[in-house]
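# An overview of the molecular structure
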Amino acid sequence: MASKSADDLPEEVQSWIEQERYTEKTEFPIEMGYVMTTLSATQNGNPLYWDAKVAEELTGGPITLPTMVSVWFRPHDWSPGRTEPAVPLQLHFDLKEKLGLPEAVMSDNTIVFGEPIRPGDELTTTQILYSVSGLKTTKLGTGRFWDFGVRIVNQKGELCAEERYTGFGYNRD
Amino acid sequence: MSADILLGDVSVGTELPVLEKLVKPVTVVLGAMASRDWRPQHHDYKFATGNNGLDDIIMNTPNLAAWFERYVTDWTGPKGRIGRIKFRMKDSVYPGDTMQFAGKVTGVEAGAGGVGWVDVAIELSAGDKSCVGCEARVAIPESAEANPWSLKGDAWKP
């Protein structure tokens, strides 16, 4: 359940709460090369991802690593026609800008997994802001916590994952 | 990686084997690039320390999630299917840290379709520093014939 939001938020930010924003589709192919890179980065030898026979037996063919769910929506740092770097979790960056909190870290993250994501899938995601706290001071600085979620479905409308994040945006003291 | 464990092999209090990994700068950068995270605090020392007040570049959250997944499925074997994972960031992981993943089973329950659920609490620490607390809920088979990956729709309730 979302926390109650602070009373001193800018009206625009207040209007975002409980609203679906940034409906997006994956902008690059979901394929096993990316999975192999994550497996290599974490030295993960799970044969489900390395052995086609195991994948066929257990999952009816190759699947991607479930915890890579957010990777599929991270935009290219540069692409033709783009004048500024695109950022993932745009809602998070909008909050930083609108609340005047230039630095931020993520403190909590929950992911609930559904249908496995497979190479060739086309995914759609939406972002939802649940709450924004009053001003708080931590060892990093003074700022606000915000709680927001991301839903991801595949081309069949099957829920692949729901993510929930808590971010802390701050000014260094 | 273990052969697949079965629900009957597990009880509350079962400890997972500890995993240790020395973090080098390449560990941080490789993980960030693998997760398509181009933000400078994960590859730019001057930005991480000068702008963000950190001690060095830091491991990014999506890659840490993949490390937690690796740690759990090293124990369960390939049939282990993570249903839910929650983590709380407490402190940053820097180059020079030795990550230590230590998990313990906190719950075991039978489920449907020959598949049961195991709850695991995992602590990621680096020396005396507690970095991330994680709770994972993973589906594992009750018998050698069962397969958690076969559950779909309403049968899959993480």
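These numbers were taken from a predicted model, which means no experiment stands behind them.

## Re the overall build of chain B
For chain B, the count of helices and strands is three helices and five strands. For chain B, buried positions account for 45% of its 158 residues. When contacts within chain B are restricted to residue pairs at least 6 apart in sequence, long-range pairs at least 24 apart make up 67% of them.

## Topic: the overall build of chain A
Helix and strand counts for chain A stand at five helices and six strands. Considered along the principal axes of its C-alpha atoms, chain A spans approximately 55 × 40 × 35 Å. Across the 173 residues of chain A, 37% fall into the buried class. Within chain A, contacts between residues separated by at least 24 positions form 72% of all contacts whose residues are at least 6 apart in sequence.

## Overview of the interface of chain B and chain A
On the chain A side, the residues contacting the 34 residues of chain B number 34 residues. Here the residues of the side of chain B that touches chain A are counted per class, giving 16 nonpolar, nine polar and nine charged. Relative to strand S2 (residues 81-89) of chain B, strand S2 (residues 103-113) of chain A runs antiparallel, the two being bridged by five bridges. Residue pairing for S2(B): A:Val112 is matched across the bridge by B:Arg84.

## Focus: helix H5 (residues 90-98) of chain A
Residue and element names in this part refer to chain A. Residues of H5 that are buried include every one of Leu-91, Leu-95 and Lys-96, and no others. The buried residues of H5 occupy an angular sector of 145° when projected down its axis, which confines them to one face. Lining the buried residues of H5 we find helix H1 (11-16), strand S1 (20-25), S2, strand S3 (124-132), strand S5 (142-153) and strand S6 (159-171). Immediately downstream of H5, the backbone of Gly-100 shows phi near 65°, a positive value.

## Considering the confidence of the model for chain B
Across chain B, the average pLDDT comes to 95, with 99% of residues at or above 70. Here the predicted complex carries an ipTM of 0.95, next to a pTM of 0.87.

## Digging into the nonpolar core
Grouped together as the largest cluster of nonpolar side chains are 61 residues, with contacts concentrated most on B:Phe68 and B:Ala136. With eight residues, the top contributor of residues to this core is helix H3 (residues 61-76) of chain B. Sequence-distant contacts of B:Ala136, that is, excluding residues within four places in its chain, are made with B:Phe68, B:Val72, B:Ile82, B:Ile85, B:Val120 and B:Ile122. A:Leu9, A:Leu99, A:Leu101 and A:Phe168 belong to the second-largest nonpolar core, a separate cluster that totals 17 residues.

## A closer look at the pairing of strand S5 (residues 129-141) of chain B
Regular strands place their side chains on alternate faces of the sheet. Residues and elements named next belong to chain B. Relative to S5, S2 runs antiparallel, the two sharing eight bridges. Bridge pairing in S5 links Lys-86 to Glu-135. Linking strand S4 (residues 115-126) back to S5 in an antiparallel pair, the connection comprises two residues, with Gly-127 at a positive phi of about 60°.

## Description of unusual backbone geometry
Residue and element names in this part refer to chain A. Although it is not a glycine, Glu-18 sits at a positive phi angle of roughly 70°. Secondary-structure assignment places Glu-18 in the loop between H1 and S1. Here the phi dihedral of Gln-43 falls at roughly 50°; this positive angle occurs in a residue that is not glycine. With respect to the secondary-structure elements, Gln-43 resides in the loop between helix H2 (32-41) and helix H3 (47-50).

Conventions adopted
Residues numbered from 1 in each chain as written. Chains lettered and ligands numbered in written order. Predicted model: local features only at pLDDT ≥ 70, side-chain atom pairs only at ≥ 80, totals over all residues. Helix = DSSP H or I, 4+ residues; strand = E, 2+ residues; numbered from the N terminus. Buried ≥ 20, exposed ≤ 12 C-beta atoms within 10 Å, placed from the backbone. Contact = placed C-beta atoms within 7 Å. Nonpolar A, V, L, I, M, F, W, Y, C, P; charged D, E, K, R; others polar. Pairing = 2+ DSSP bridges. Arc of directions from axis to C-beta. pLDDT = per-residue confidence, 0-100. Core = buried A, V, L, I, M, F, W, Y, C linked by C-beta atoms within 7 Å.

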